[in-house]
Each structure stands twice: as C-alpha cells, then as structure tokens.
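Chain by chain, the residues run as shown.
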Amino acid sequence: MVKVLLVISLSGALGLLVSIIFAFLIVLSNSFFRYGTFRFFNEMVVLSLGIFGWYYVKSNVINFIFLIVLSTLYHLYRIIRDIYSIDARFRTLVLALGNDRFEYASFSLKRVRRRIFGTFFKYLVILIASYSISQSLHPLIVGGISLFVGVVLIALRLD
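Keep in mind the model is a prediction, meaning the values are calculated, not measured.

Another aspect to go through is the pattern of salt bridges. Applying the stated criterion across every chain yields a total of four salt bridges. Here Arg115 makes a salt bridge to Asp82, at a shortest N to O gap of 3.6 Å. One end of the pair, Arg115, is in helix 6 (residues 113-134); the other, Asp82, is in helix 3 (residues 60-84), with 33 residues separating them in the sequence. With a relative accessible area of 47%, Arg115 lands in the partly exposed category. Of the residues examined, Asp82 reaches a relative accessible area of 9% and is grouped as buried. Salt bridges sharing partners connect three or more residues here, namely Glu43, Arg78 and Lys122.

And the structure:
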C-alpha cells in the first residue's frame, strides 16, 4: 500500500507541476484558450479511468505514465477554468494599469493557489478510492457506472 501511495503522490505532484507550467504559458499567450474539451476530466470520469488503469495496466512504468497524463489533464482543466472564471474586465484592468502579461499570469496563478492545492488533494483521494475499488469484487461495473455518470454530467453541463 505504501508503494501505491508513493506512485499516486509522485504522479499527482509531477502532473500538477506540468499543468501549472502549461497553465502559465496559456495565460501568458495572447489568444483565448478554449478549454471545453478538457471538461471530460471531471471527478467521475477520472475515478473511472483510474479504476480501469489500476485494473488493466499491470506494468508499473506504464501505469505511472498513465497517472501522470491523467493528473496533468485533470489539473490543467481545473486551473484554467479557475483562472478564466475571473472576470474579463479584471484582466483588462490589470493589463491597462501597465502590468505585462508575465505579471498577470503569475498574479492569476497566485490568486488561485488555494484551489490548486485543494484540487491536488481531491485528485489524491480520487486515485486512492480508484485503487481500492479496482481491488474489489466488481471493479469494471463500478468503473462503467462512474464513466456513464461522468459523461452524463458533461452532457448536462453540471460540471
């Protein structure tokens, strides 16, 4: 179990670091990033993908890489969504006051840092739950149901 917790923690931390770097570069750019495709990575879908990953992938290296990619996509969506939820007028105001985009990007990440850490701990709990479910009697049924519920939540925009 210690090995599983170490894999979950390391993959979550590496995915968070990569997603913070990508989010910083996205906010730094001039264009508006359309993050609608990342809506697929809500909690229920990540739970089901985690269950399927723990159940089907037996190689530790491939599972670790899968969890890093899953962590990066989950965290990137949450960070970009939180940053873009800040009013567009606020962005215009900050940039009009003479701050450059680098200062705005760093300020935006500082502003949502509590949510970033909350999302990180939520991700850890989701993966711990997915591991324990994958070791139960019917993990494919639970994974399929959670995937279905996650897709329904995406379709109804209840995310």
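Next up on the list: helix 6. Look at helix 6: 31 Å from first C-alpha to last across 22 residues, which is about the 32 Å you get at 1.5 Å a residue. Within helix 6 the residues assigned to the buried category are Ile116, Thr119, Phe120, Tyr123, Leu124, Ile126, Leu127, Ser130, Tyr131 and Ser134. Down the axis of helix 6, the buried set is contained in an arc of 165 degrees. They therefore lie on one face. Residues of helix 6 that are exposed and point over 90 degrees away from its buried face: Arg114, Phe121 and Val125. The inward-facing, buried residues of helix 6 contact helix 1 (2-28), helix 2 (43-56), helix 3, helix 5 (101-111) and helix 7 (139-155).

Applying the stated criterion across every chain, the model contains seven aromatic pairs. Ring centres 5.0 Å apart and planes at 75 degrees place the aromatic pair Trp54 and Tyr131 in the edge-to-face group. In this pair, Trp54 is assigned in helix 2 and Tyr131 in helix 6, connecting sequence segments 77 residues apart. Centre to centre, the rings of Tyr55 and Tyr56 are 5.2 Å apart; their planes meet at 80 degrees, and the pair counts as edge-to-face. A relative accessible area of 32% means that Tyr55 is categorised as partly exposed. Assessed through its relative accessible area of 53%, Tyr56 is described here as exposed. Taken together through their ring pairs, the aromatic side chains of Phe52, Tyr55 and Tyr56 make up a single cluster. When the ring centre of Tyr55 is taken as origin, the NZ or CZ atom of Lys58, which lies over that ring, is 5.7 Å away.

Definitions and limits used
Residues numbered from 1 in each chain as written. Predicted model: local features only at pLDDT ≥ 70, side-chain atom pairs only at ≥ 80, totals over all residues. Heavy atoms only, no water. Salt bridge = Lys/Arg side-chain N within 4 Å of Asp/Glu carboxyl O. Helix = DSSP H or I, 4+ residues; strand = E, 2+ residues; numbered from the N terminus. Buried < 20%, exposed > 50% of the residue type's maximum accessible area, 1.4 Å probe, protein only. Expected span 1.5 Å × (residues − 1). Arc of directions from axis to C-beta. Contact = heavy atoms within 4.5 Å. Phe/Tyr/Trp six-rings, centres within 6.5 Å; stacked < 30°, edge-to-face > 60°. Lys NZ or Arg CZ within 6 Å of the ring centre and 35° of its normal.

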